4 protein chains.
Amino acid sequence: MNEIDTSTDNTWLSPDDLEQVRAQMPIVYVEAVPVRVDAVGNVTKIGLLLRQAADGTISRLIVSGRVIHGERVRDALLRHCEKDLGPLALPRIPVNPAPFTIAEYFPNGELTGFHDPRQHAVSLVYIVQVDGECEPTQEALDLAWFTPDEIVSAGLIAQMTGGQDRLLRVALAHVGQLP
Amino acid sequence: MNEIDTSTDNTWLSPDDLEQVRAQMPIVYVEAVPVRVDAVGNVTKIGLLLRQAADGTISRLIVSGRVIHGERVRDALLRHCEKDLGPLALPRIPVNPAPFTIAEYFPNGELTGFHDPRQHAVSLVYIVQVDGECEPTQEALDLAWFTPDEIVSAGLIAQMTGGQDRLLRVALAHVGQLP
Amino acid sequence: MNEIDTSTDNTWLSPDDLEQVRAQMPIVYVEAVPVRVDAVGNVTKIGLLLRQAADGTISRLIVSGRVIHGERVRDALLRHCEKDLGPLALPRIPVNPAPFTIAEYFPNGELTGFHDPRQHAVSLVYIVQVDGECEPTQEALDLAWFTPDEIVSAGLIAQMTGGQDRLLRVALAHVGQLP
Amino acid sequence: MNEIDTSTDNTWLSPDDLEQVRAQMPIVYVEAVPVRVDAVGNVTKIGLLLRQAADGTISRLIVSGRVIHGERVRDALLRHCEKDLGPLALPRIPVNPAPFTIAEYFPNGELTGFHDPRQHAVSLVYIVQVDGECEPTQEALDLAWFTPDEIVSAGLIAQMTGGQDRLLRVALAHVGQLP
C-alpha cells in the first residue's frame, strides 16, 4: 500500500502517535482498483500507479490510503482516488458499501500473502470505474493502463510487491476477466 | 415483470412456441433497478416505470426482460435498459457479472413471494446507474424517480405487484439505503 | 455493539490507551448475525443476545467485537462467536472473506444511522450459520432465536438500539428473507 | 457441464423437445463447487468429479445440472449435489440466493471462455461446503479432492474442458485462496 500522504492525512495525529497506534491496532484502509469499461460493463483496462510502496521499493500499485477518524468509507474512497488520480479523474464510487474483497496486510506477509512492513492493515477493496482524465500526482512517477492479459503477465507481476499482483487477479476474477 | 416486447424479442420464437416453452422450462430474465447517485455513490433516486405488469395491472415496476438465445447477460441488460429508458439514458452496466440478488417468479406467488402468472422465470437482478436523460418508451405511461423513503412508503407499495416492492427493499438494503 | 471483553482483548492495550486511540482512529470491528438454516439454506431463525449495548442500555444485539492487532478477521469472527454463543455453538465462518455489508458506527448516529457513543467503528458484518448448542455467556442475560417476521416486528425493534434493527433487515434482505 | 440425468430431469420433456428448446432459449443451470473448510472457514480442498463433460470428453468437473420447471434454485442445488456426491454428502446450501458468479456457456466458446456444444446455458455458480462422506455416483468414474495449489496446476488444468479451470480460479479468488 501507498506511503501515507502526511500533508493531508496526519494533521490530527503526529508521526510518533501514528507509529504507536500502528503497533497496537489494525488500521482501516481502503483500496481502489481503477478501471476503464466498455458500453456493456466489461473491464478493458486497469490503472496502476508507479510509486514507492510500503516496503520502500518503487512498484506498480493501486489507489490506497487510510480511513481517518470521522470519515465515511465512501468519502475516503473518493478522497484517495482524487489524490492519486488527479482532480479530473471522475471516479465512480460503487453503490454497494461492501468491498468485493478484503486484504489483510501484516508485517509478516506469510500469514495472508499480503505484506506491509509498517503495520497490520485491514483493507476494504473496491473496483472504481474512472471516466475522466487521470494524471499521476506528485507522489507518483507514472500512471499507466493495462489490459487484463497484461495484468497477469510475468513482466508486470515482477513490478508489484506486497501481494498487489494477487489482489489484482482477485479483482479480475470478480469482474469476470481473469484470463 | 414486463410484458415481452414481441416486436423485438420474439422474431425467432412464435407466440405459440413461447407459450409452450414457458410451460416446460424456467425462463432467464434480467431486471435492472435504475438509480441516480451522488458523488460518493449514495443512491439518491430510484426510477420506476408505470406500465402493464405481468398480471395485467398497470403498476410501478423496474426494467426487465428476457435473455435471448445467444445473447450475453450484459448485452440483455443494456438492451432492456435502452428499450425501457430511452436511447439517451446512458445506463452503466455493472462490472461484476453476478447479480446482487435473484428473484424467482412463479405462477404460484406464495412459493417465493415473486409472482408471474405466465411463467417460471429466474431473474438476475442488477443495480444500474443511469446518468443520462430518461424517457418512458411507448409501452410505458410514465417514468418517475423516487427517494428511498418514498420507495418504502405505503402509497407507492400499493402501486406495485408481483413482489416488486420487496425486490426494491432488497435493492435498497444492498446499497445501504434501506430506511 | 458489545462492550469490549477486557479480560481477553485488552491485555495489550490499557483502558486509557484504548480511550485515546478511539479518539483518533476508526476501530476495526466484526459483527456476526447468528442464523439457523433448513436443508436448502433458508434462514429460519436469527439469534440475538440480550445484553448491555454500547449506549449503556440493555438491548437485543448480534455478536460483535474488535479485531486485535495481528489477528485475522476470520479468527476474530470465530473468537467473538465462541465468546458470545458459548463453546458448543459450532459457528460456521463464511468462506468469502468479504463481509456482506459494512456498518459504520459514529458517535454522531445521524451520519449513517449506526450509532456508538464511544467510537468510530468500521464493522465488517457476516452471516454465520450456527449448528450447535448456544448459551448466553456471563456477560449476556439471554440468547433467543427469532423468525424473520419477528425480527421486523415493532416489539422487537423497540428492544434494539444503535441501528441494529436496520442492520438485521439488511441481513434478511441479503439472504432473501426480508418480509 | 454434466450430461443431463434423463431419468430424473426429463420426464416432463422428451429428448426431442429438449433439443428443440435448447436451440431457441438459454437454459438455466446451477453449478456447485464442493469444498472442505477448516474451523475458520478457509477452503482447504475442492472436490472434482471425473466424468463425461458436455463436449464428450472424460474430464474433471464440478457439480452441475438444470433447474427444472417449478423448482427453486436452492432445491436444484441440493438435488444436483445429492445426485453427484451421494446421499451422505451433507451439502450446505448457501444462505445468499445470489450466485458468487455466473458462467455463460455458448456453443461458440470464444464469446465468454465457457463452452458447451449442446446449448446456451446461463449457470448460477455457488460454493457449497460439504461436511459428509462423498462418493461418486454411477455416472462418475471418480470423485477426488484437491488443494487450491493443485487446482491451478498445469496437470489438473489439462484434465478440464469448457472453461471449468477458469471457473475454479474465480471460485478460489472469491474465497481468498487464489494462489
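Residues numbered from 1 in each chain as written. Chains lettered and ligands numbered in written order. Predicted model: local features only at pLDDT ≥ 70, side-chain atom pairs only at ≥ 80, totals over all residues. Heavy atoms only, no water.

Caption draft 1: Here's a closer look at the relation of the copies chain B and chain A. Screw-axis analysis of chain B against chain A gives a translation of 0.0 Å along the axis, an RMSD of 0.0 Å, and a rotation angle of 180 degrees. What we have between these two chains is a two-fold relation. Minimal C-alpha distance to the rotation axis in chain B is attained by P94 of chain B, lying at 4.7 Å. Interface overlap between copies: 100% of the residues of chain B at the interface are likewise at the interface in chain A, consistent with a symmetric, same-surface contact. (Least-squares fit on C-alpha atoms with pLDDT ≥ 70 in both. Contact = heavy atoms within 4.5 Å.)

Caption draft 2: Focus on the relation of the copies chain B and chain D. Superposition of chain B onto chain D requires a rotation of 180 degrees combined with a translation of 0.0 Å along the rotation axis, giving an RMSD of 0.0 Å. Comparing interface residues between copies, 100% of those in chain B also sit at the interface in chain D, which points to an isologous, same-surface contact.

Caption draft 3: Representation of the interface of chain B and chain A. Contact residues are listed per partner, giving 22 residues for chain B and 22 residues for chain A. Carbon and sulfur atoms make up 49% of the area that chain B and chain A hide from each other, which totals about 1800 Å². The largest share of the area that chain B buries against chain A comes from V40, R92 and V95 of chain B, three residues that together contribute 35% of it. Applying the counting rule to chain B against chain A returns two salt bridges. Counting across the interface, chain B meets chain A through twelve residue pairs in polar contact (both at pLDDT 80 or more). Residue assignment for the side of chain B that touches chain A shows that the elements contributing at least two residues are helix 3 (73–85) and strand 7 (121–130) of chain B. A total of three residues in the side of chain B that touches chain A trace back to one element, the largest contributor, which is helix 3 of chain B. Residues of the side of chain B that touches chain A, tallied by class, amount to eleven nonpolar, six polar and five charged. (Buried area = accessible area lost by both parts, 1.4 Å probe. Salt bridge = Lys/Arg side-chain N within 4 Å of Asp/Glu carboxyl O. Polar contact = N/O pair within 3.5 Å; in protein donor to acceptor, adjacent residues only side chain to side chain. Helix = DSSP H or I, 4+ residues; strand = E, 2+ residues; numbered from the N terminus. Nonpolar A, V, L, I, M, F, W, Y, C, P; charged D, E, K, R; others polar.)

Caption draft 4: Summary view of the side chain of R51 of chain B. Residue and element names in this part refer to chain B. Take R51: it is sitting in strand 2 (residues 43–52). Assessed through its relative accessible area of 2%, R51 is described here as buried. Looking at R51, its side chain comes within polar contact range of the side chain of D84, at 3.3 Å. (Buried < 20%, exposed > 50% of the residue type's maximum accessible area, 1.4 Å probe, protein only.)

Caption draft 5: Region of the structure containing the interface of chain B and chain D. Contacts between the two partners involve 33 residues from chain B and, on the opposite side, 33 residues from chain D. For the pair chain B and chain D, the summed buried surface comes to about 2700 Å²; carbon and sulfur atoms form 67% of the total. Counting across the interface, chain B meets chain D through two salt bridges. A salt bridge links R72 of chain D to E104 of chain B; the shortest N-O distance between them is 3.5 Å. Where chain B meets chain D, there are six residue pairs in polar contact (both at pLDDT 80 or more). Looking at the side of chain B that touches chain D, the elements with two or more residues in it are helix 2 (15–22), strand 1 (27–37), strand 6 (101–105) and strand 7 of chain B. Looking at the side of chain B that touches chain D residue by residue, the classes come out as 21 nonpolar, six polar and six charged.

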